[in-house]
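Understanding the architecture of this molecule
Chain residues, written in single-letter form:
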Amino acid sequence: QVQLVESGGGLVQAGGSLRLSCAASRRPFSPTGMAWFRQAPGKERDFVGIRTSSGRTVYADSVKGRFTISGDNAKNTVYLQMNSLKPEDTAVYHCAATNRVVLTTTPNEYDYWGQGTQVTVSS
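Read on for an overview of the structure. (Residues numbered from 1 in each chain as written. Predicted model: local features only at pLDDT ≥ 70, side-chain atom pairs only at ≥ 80, totals over all residues. Heavy atoms only, no water.)

1. Quick word on the pattern of salt bridges
If charged atoms from side chains of opposite charge come close, those side chains can pair. Using the following cut-off: What makes a salt bridge here is a side-chain nitrogen of Lys or Arg within 4 Å of a carboxyl oxygen of Asp or Glu, nothing more. By definition, any uninterrupted DSSP run of H or I lasting at least four residues is a helix, any uninterrupted run of E lasting at least two residues is a strand, and each is numbered from the N terminus. Relative accessible area decides the class of each residue, using a 1.4 Å probe on protein chains only: under 20% of the type maximum gives buried, over 50% gives exposed, and in between gives partly exposed.
This structure, assessed with the given rule, holds 4 salt bridges. Between Arg38 and Asp89 there is a salt bridge whose closest N-O contact spans 2.8 Å. Highlighted residues: Arg38 in strand 4 (residues 33–39) and Asp89 in the loop between strand 8 (77–82) and strand 9 (91–98), separated in sequence by 51 residues. The same class applies to Arg38 as to Asp89, namely buried. With its nearest N and O atoms 2.7 Å apart, the salt bridge here joins Asp89 to Arg66. Placement of the pair is Asp89 in the loop between strand 8 and strand 9 and Arg66 in the loop between strand 6 (57–59) and strand 7 (67–72), with a sequence separation of 23 residues. Each member of the pair, Asp89 as well as Arg66, carries the same accessibility label: buried. The network of salt bridges with shared partners includes Arg38, Arg66 and Asp89.

2. Some details on the nonpolar core
One broad trend across soluble globular proteins is that nonpolar side chains are buried collectively. As a reminder of what qualifies: Remark: nonpolar core denotes a set of buried residues (Ala, Val, Leu, Ile, Met, Phe, Trp, Tyr, Cys) joined through side-chain atoms within 4.5 Å.
Formed by 34 residues in total, the largest nonpolar core has its most connected members in Leu4, Trp36, Phe67, Leu80, Met82 and Tyr93. When residues in this core are grouped by element, the largest group, 5 residues, is from strand 9.

Everything listed here is a matter of coordinates, which is why it stays silent on function.
Structural data, given as structure tokens:
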């Protein structure tokens, strides 16, 4: 069983930056895509972005231009660089991995999940 472990969350002021990391416990581990989701209190889990195994990235409109996903295949690690943070970015951020052939933004189509890391943006 693969475990995904996130790190890098914390408290930051609006306009600031954070970088989250997600490391997979098993090597080799070759999902078709590794994604980030976020969930604010009382809300559904929302898609943030995905990096496919080919390196293609897709982002939600709400974070486009501010967030960047990158990866280190040798380390089985994916990163989420978050710039120009806003209070509405406050949430628990989860990384997830999927083996689906077709790129998906639906949480139910992801096979592995991390425990999440809290990101809080103060105004």
